[in-house]
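Residues per chain, in single letters:
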Amino acid sequence: MELAEMLREAGHEVTYLVTGVPPREATPLEDRAARWAETGVKVVSLPRPGPTIKHYIDETCTSYWTYKWLREHDDFDLVHFHEWRGIGYYSLLAKRQGLAFDRATLCVGTHGPSLWNKERNHHLIDHVVDLEVDYLERQSVALADVLISSSRYMLEWLSGRGWNLPSDRKIMPMPLPASALPGPARERGTRAAADIGRPVEEFVFYGRLEDGAGLALFCDALDRLAAGTSRPFRATFLGGDGHIEGQTGLDYIRRRSLLWPFPWGAITTLANDQVANYLSRPGRLAILPFSMGNTPLEVLHCLTAGIPFLASGVGGIPDLVDVADHPEVLFLPRPPALALRMQKALGVPARPARSAWDAEADRQAWLDWHDELARSRGPAPVIDASPAEAARPRVTVCLTHFNRPEYLRRALESLEAQDYPNYEVILVDDGSTQPAATAYVDALEPQFSARGWKVLRQDNLYPGAARNNAARHATGEYLLFMDDDNVAKPHEISRFIQVANRTGADILTCFMEIIETDEPIRDGQDPDGLTIFLGPSLAVAALYNCLGDTNALVRRDSFLALGGLTEDWGHNHEDKEFYARAIFQGLRMHVVPEALFLYRSSKDSLIKVSSDYLNSMRGLRPYCQNLPESVHQVVVYALAQFKRGLTPLEPPPSTDRAESAELPLRYRIADRINLLLKRIVPVHRVAKACLKLVLLVARSLKRIVRRARPVVSTQTAPKDGLPQPLSDLRGPHARPHDAATPRASRRA
């Protein structure tokens, strides 16, 4: 939001699209919108209209809704996305495909992708969401017109992890306009910089209470100080509660503090003004022990407000601090190095570090860049969505049919309504046995022959063989595969060809609108849902079909070079197998982010009545053909675990009925409740966590009663209206000069 405010102050018209509530933002959207509106920034909450999107991952849905809103308001000169969670993916993809935003510059800023955050917090990839979000973020960066990074370090990290970076990339730290740092905080920082005579007596961990911010490293250094001889000091943890080693940050600190002889406290709910107020007090030294860091806001705040600090010399942090201050301010992220620096800092006045980062120059660089874009902006180009006459290659529609004449009639009507002139239809009857079906196909032959189209007949060999048969008789440069119960939208072929001409893709799939019915699809029938596809991600495609439906456009030469579809009899997933094989072979594949056809979903669909095991193994066949044999079972295991997460398995029933009947009634009731709750995974997890908590509290109460040691505690009144730390005072070193420090005493 700082960038939006800065641009508005410079006279630009700015719209701020809120795609979701920030995870750490506690202020209601209405309050934030009212505050932002005072600055002249137009704030819009992203609408999420129907139909219902049938997809597993919310981030992918949000990216689609963002694209839909931007396309309806395609009058911006510049659109800023961040790479986080890939909200700009479909918008950027649409521009690359020539569908929208020809006039706008689409810019992506990168500060810390999702897997970078997992790496810095020592979290494993533990859900398909991580894989899909990683693809969204990678493609957002690759498709950007301009990539802006806040540091050279982040560009090097992305490149080292195999990200494709656009040619136009800039290094510009995110701006911090004057409104981002409250006036009182800057004044306190100035006073702290002037008052350097007071020795350090309190170390303040400044950052979120998680591993990435260096919580474990800080605690390790405190352990070393506690084991040695040092001057009296106090430790404070200042930041929002996070997670580390499977527990909350506060619980982790409580466990680590059992042997600390010094007082400590934690403050987790302070606004920016209060944080600056607390850190600017003389005698306090901020510790920023990041394990990985790009350009942390905590470092920027300390530098701008004149707050003394020590920080890890990792990532982009050294670029923010004046080189002359590196020896005094930066340290290796190792417990001995940090403990030694903290030991030396005790009892010595701390001096704020000098900044190598010029906030005003950075702000001006952002404004100059936007002004340059505005000056170079020409008139909006005239976009003709229909391909030119010379760019209208012949398309062969490969239509398969089996015993569904009414559905086939509706499919052919939708093909007759196409706005693209240069196409042919090859109908393959896959061994229909019903008289009505064979009679209808016979009646079609004269009509097809008159138009140069073809009708082919074969035994019932299933869709893979039927589509291959059509492809062998095709004369078009492109093949459009279609089932007899699907309905093409009038612009399906023309839109596919438009994108194919723009991108040179070998394979194009698209979204599809779902009609849940056992009857033929009617004209104007409202869809029951929308299925969106991610794109050519092999990692996600191993778990579920993120690639697209069979209803796709494929370059005929590429199709034949791959050997066409496999012809397994009796089961499905020939399309997913073909797409994965194509990606392994390096073919170019795109997903058009629009629904170009209607898909009929019914209870007798082949995918629903055929073997899930055989379908799944067919989809994994390209992985087994292209990966070492030693990892084949790992891929199968990953798929099984994903399916298990979608449909939790119940334990098998007991084979010993007599033994089961002898269980006490309370156990049988508890088992039954447990089985029912397992069907609702979130409720089961909450119930399980509550039960564990109750048992933990009960055990703790028992220990307290056994010890029966009375405790007398007192706490002085708060000072300056600041909330006081949640303290566990165990050591003898209280701060007599600070009346806000809570005290506790024990007697036997």
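Located above this text is the structure these notes cover.
Residues numbered from 1 in each chain as written. Predicted model: local features only at pLDDT ≥ 70, side-chain atom pairs only at ≥ 80, totals over all residues. Heavy atoms only, no water.

A. Spatial organisation of the overall build of the protein. Across its full length, the protein holds 28 helices and 25 strands. Here the protein holds 748 residues, and 50% of them are scored as buried. Sequence separation of 24 or more characterises 76% of the internal contacts of the protein that already satisfy a separation of 6 or more. (Helix = DSSP H or I, 4+ residues; strand = E, 2+ residues; numbered from the N terminus. Buried < 20%, exposed > 50% of the residue type's maximum accessible area, 1.4 Å probe, protein only. Contact = heavy atoms within 4.5 Å.)

B. Region of interest: helix 22 (residues 574–584). The buried count for helix 22 comes to 10 of 11 residues, which makes it a mostly enclosed element. Considered for burial, the residues of helix 22 that qualify are Glu574, Asp575, Lys576, Glu577, Phe578, Tyr579, Ala580, Arg581, Ala582 and Ile583. Of the residues flanking the end of helix 22, it is glycine 586, one or two places downstream, whose phi is positive at about 90°.

C. Quick peek at the packing of helix 16 (residues 405–416) against helix 17 (residues 435–450). Axis separation between helix 16 and helix 17 bottoms out at 9 Å; the angle between their running directions is 25°. When the interaxial angle is binned, helix 16 and helix 17 end up roughly parallel. Together, Pro405, Leu408, Arg409 and Leu412 of helix 16 and Ala436, Ala437, Tyr440, Leu444 and Phe448 of helix 17 make up the contact between the two elements. For the contact of helix 16 with helix 17, the class distribution of residues is 8 nonpolar, no polar and 1 charged. (Axes fitted to C-alpha atoms, helices over the stretch in contact; angles between N-to-C directions. Parallel < 35°, antiparallel > 145°, perpendicular 65-115°, else oblique. Nonpolar A, V, L, I, M, F, W, Y, C, P; charged D, E, K, R; others polar.)

D. Representation of the side chain of serine 537. You can see serine 537 is positioned in the loop between strand 21 (529–531) and helix 20 (538–541). Within polar-contact distance, the side chain of serine 537 engages the backbone nitrogen of valine 540 at 3.3 Å. The residues touching serine 537, leaving out its near neighbours within four places in the chain, are Tyr135, Cys546 and Leu547. (Polar contact = N/O pair within 3.5 Å; in protein donor to acceptor, adjacent residues only side chain to side chain.)

E. The pattern of salt bridges, seen in detail. A full pass over the atoms with the stated rule returns 44 salt bridges. Between aspartate 485 and arginine 600 there is a salt bridge whose closest N-O contact spans 3.3 Å. Taken together, the residues span a long stretch of sequence, with aspartate 485 in the loop between strand 18 (478–483) and strand 19 (487–488) and arginine 600 in strand 23 (residues 589–601) at a distance of 115 residues. The burial state of aspartate 485 is the same as that of arginine 600; both residues are buried. One connected set of salt bridges, linked through shared partners, spans Arg467, Asp483, Asp568, Glu574, Glu577, Arg618 and Arg621. (Salt bridge = Lys/Arg side-chain N within 4 Å of Asp/Glu carboxyl O.)

F. Structural view of the environment of leucine 332. Within the secondary structure, leucine 332 sits in the loop between strand 14 (330–331) and helix 14 (335–345). By relative accessible area, leucine 332 is classed as exposed at 61%. For the pair leucine 332 and phenylalanine 290, spaced 42 residues apart in sequence, the C-alpha separation works out to 10.0 Å.

G. Up close: the sheet that holds strand 7 (residues 202–206). The strand order across the open sheet formed by 6 strands is 11-8-7-12-13-14, and the pairing between neighbours is parallel. A strand with exactly one partner marks an edge of an open sheet, and here the two such strands are strand 11 (264–267) and strand 14. In this sheet, strand 8 (residues 234–238) lies alongside strand 7 in parallel orientation, the contact comprising 5 bridges. Within the sheet, the bridge partner assigned to glutamate 202 lies in strand 8 and is arginine 234. (Pairing = 2+ DSSP bridges.)

H. Broad picture of the packing of aromatic side chains. On inspection of all chains with the given rule, the structure shows 23 aromatic pairs. Arranged with centres 5.5 Å apart and planes meeting at 25°, the rings of tyrosine 544 and phenylalanine 642 form a pair that is stacked. On the criterion of sequence distance, the pair formed by tyrosine 544 in the loop between helix 20 and strand 22 (553–555) and phenylalanine 642 in helix 25 (residues 632–646) is long-range, its members being 98 residues apart. With respect to class, tyrosine 544 is no different from phenylalanine 642; both count as buried. What links up through ring pairs into an aromatic cluster is the set Phe203, Phe205, Phe218, Phe233, Phe237, Trp260, Phe262 and Trp264. Note that arginine 284 overlies the ring of tyrosine 278, its terminal NZ or CZ placed 3.7 Å from the centroid. Positioned above the aromatic ring of tyrosine 440, the side-chain terminus of arginine 409 is 4.5 Å from the ring centre. (Phe/Tyr/Trp six-rings, centres within 6.5 Å; stacked < 30°, edge-to-face > 60°. Lys NZ or Arg CZ within 6 Å of the ring centre and 35° of its normal.)

I. Just the pairing of strand 12 (residues 284–288), in detail. Counted residue by residue, strand 12 has 5 buried out of 5 residues, so it is predominantly covered. Where strand 7 and strand 12 come together, 4 bridges link them in parallel fashion. Paired with phenylalanine 205 across the bridge in strand 12 is isoleucine 287. When strand 12 meets strand 13 (residues 309–312), the two strands line up parallel, connected through 3 bridges.

This is a description of form; function is not addressed.
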